[in-house]
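# Topology and contacts: notes
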Amino acid sequence: MKALQIKKYGEIKDGLSINRVEKPSPNSKDILIEVKAASLNPIDYKMVEGHLKEMVPLDLPCTIGFDVSGVVIEKGADVSNFEIGDEVYSRVPQDQMGTVAEFVVVKSDLVAKKPENISFEEASGLPLTGLTAIQALERVGIKENDRVLIHAGSGGVGSFAIQYAKAKGAIVYTTTSTKNVGWVQALGADRVIDYKTEDYKEVANNLDIVFDTLGGDYTFDAFEIIKKGGKVTTISGPPDEDTAKQMGMTDYKLPEQLSILIKEKSAVYKSTWMQPNGEQLNAITKMVENGDIKPIVDLIYSIEDGIDAYEYLATGRAQGKVIISFS
């Protein structure tokens, strides 16, 4: 079968190649999916560039990609929750990475039936971003009428998080650049902050929750704008101690500056290392089918143009998801 593979660490154009590889076979609890679409994520090209090789070592060459949608064509003997022909989607775990390929094997409990009212391409863009947003916001117990700031509202995680927070009844602030203000407003945010012309810290304050998708100073500055007892949830800042254990970091301590800020605000601080989750995908399916969530697709490429797709994604100019279609 045809697959887009990481052959070596380095620049995207040098590190990726389209290869012929052996078609996988499912074990007893797996399903074999004929891939119709796979979405691309920043973690993918960061792996190509070698930024994550200490945390996520790879046995090169290896097929790239974590998000997939397609059709079940074979299942293991112990699989009872899917049938041949089911249209499904998933975010695969690290040990099953390799969705930018014609076929992929996935553990059945990490798969859900795709929403019936969207295409395979749209469905493939939901798993990683959707699960990340849900897990990060639920870790701090988002609820109705919470005042929430979501950074980078035009990104994959941010655009999903806006819609999810609105579906939960929250009051949503978000940041984006001038050119994206209009379409981010259309996602439902109550206040879109153009970071090129406005200081978000002057517009959004006394917040219940800040969702930090950017890291760096944004993580620490979040404590300036939450209320006393407020919450900061991050996917880019330093891990909290529980998440550090989950990531295999031993003897980890929160940075001193962060500990001080948490104490001063009596704040809750949580970080998320997203985990695949079939049940949460089922919840996403229901939210898409009832109109609470709309997938956002920017561009669709063929696998033959997969390297170009990753180079485009790495520019940071995508408005929504970048997809490779096999249909």
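Quantities reported herein were computed from a predicted structural model and do not represent experimental measurements.

## A closer look at helix 12 (residues 306-314)
- All of the buried residues along helix 12 are Gly-306, Ala-309, Tyr-310, Tyr-312 and Leu-313. Taken around the axis of helix 12, the buried residues stretch over an arc of 160°, which confines them to a single face.
- Residues of helix 12 that are buried sit in contact with strand 1 (2-6), helix 1 (12-15), strand 2 (16-20), helix 2 (42-48), strand 15 (297-302) and strand 16 (321-325).
- Phi for Gly-316, located one or two positions after helix 12, is positive at around 80°.

## Some remarks on the sheet that holds strand 12 (residues 207-212)
- Sheet architecture is open: six strands sit in the order 11-10-9-12-13-14, paired in parallel fashion. Both edges of this open sheet fall to strand 11 (191-194) and strand 14 (268-271), since each of them pairs with a single strand only. Across this sheet, the average inter-strand angle for adjacent strands is 15°, counted without regard to direction.
- Relative to strand 12, helix 4 (residues 127-139) is tilted by about 145°, and along the sheet it contacts strand 12, strand 13 (226-234) and strand 14.

## Some details on the sheet that holds strand 4 (residues 62-63)
- One open sheet holds the three strands; their spatial order is 2-1-4, and the pairing between them is antiparallel. Edge positions in the sheet fall to strand 2 and strand 4, since each of these pairs with one other strand and no more.
- As paired strands, strand 1 and strand 2 are joined by five bridges and run antiparallel to one another. Within strand 2, the position partnered with Lys-2 by the bridge is Arg-20.

## Description of the side chain of Gln-163
- Within the secondary structure layout, Gln-163 lies in helix 5 (residues 156-167).
- By relative accessible area, which is 7% here, Gln-163 ends up buried.
- At 3.2 Å, the side chain of Gln-163 forms a polar contact with the backbone oxygen of Ser-159.
- The residues touching Gln-163, leaving out its near neighbours within four places in the chain, are Leu-187, Asp-292, Ile-293, Lys-294 and Ile-296.

## Description of the nonpolar core
- Counting residues in hydrophobic clusters, the biggest one holds 76 residues, and the most contacted among them are Val-100, Ile-284 and Tyr-310.
- Each residue touching Ile-284, except ones within four places of it in the same chain, is listed here: Tyr-89, Leu-126, Gly-130, Leu-131, Ile-134 and Phe-160.
- Ranked by size, the runner-up nonpolar core spans 21 residues in total, among them Leu-254, Leu-258, Ile-262 and Tyr-269.

## Details of the environment of Gly-320
- Along the chain, Gly-320 falls in the loop between helix 12 and strand 16.
- What makes Gly-320 buried here is its relative accessible area of 9%.
- When the C-alpha atoms of Gly-320 and Tyr-200 are compared, they prove to be 22 Å apart, with 120 residues separating the residues in sequence.

## Re the environment of Leu-187
- As for its placement among the helices and strands, Leu-187 is situated in the loop between helix 6 (181-185) and strand 11.
- Separated by 21 residues in the primary sequence, Leu-187 and Lys-166 have C-alpha atoms spaced 9.1 Å apart.
- Beyond its immediate chain neighbours, meaning those up to four positions away, Leu-187 contacts Gly-153, Ser-159, Ile-162, Gln-163 and Ile-296.

Conventions and cut-offs
- Residues numbered from 1 in each chain as written.
- Predicted model: local features only at pLDDT ≥ 70, side-chain atom pairs only at ≥ 80, totals over all residues.
- Heavy atoms only, no water.
- Buried < 20%, exposed > 50% of the residue type's maximum accessible area, 1.4 Å probe, protein only.
- Helix = DSSP H or I, 4+ residues; strand = E, 2+ residues; numbered from the N terminus.
- Arc of directions from axis to C-beta.
- Contact = heavy atoms within 4.5 Å.
- Pairing = 2+ DSSP bridges.
- Axes fitted to C-alpha atoms, helices over the stretch in contact; angles between N-to-C directions.
- Polar contact = N/O pair within 3.5 Å; in protein donor to acceptor, adjacent residues only side chain to side chain.
- Core = buried A, V, L, I, M, F, W, Y, C linked by side-chain atoms within 4.5 Å.

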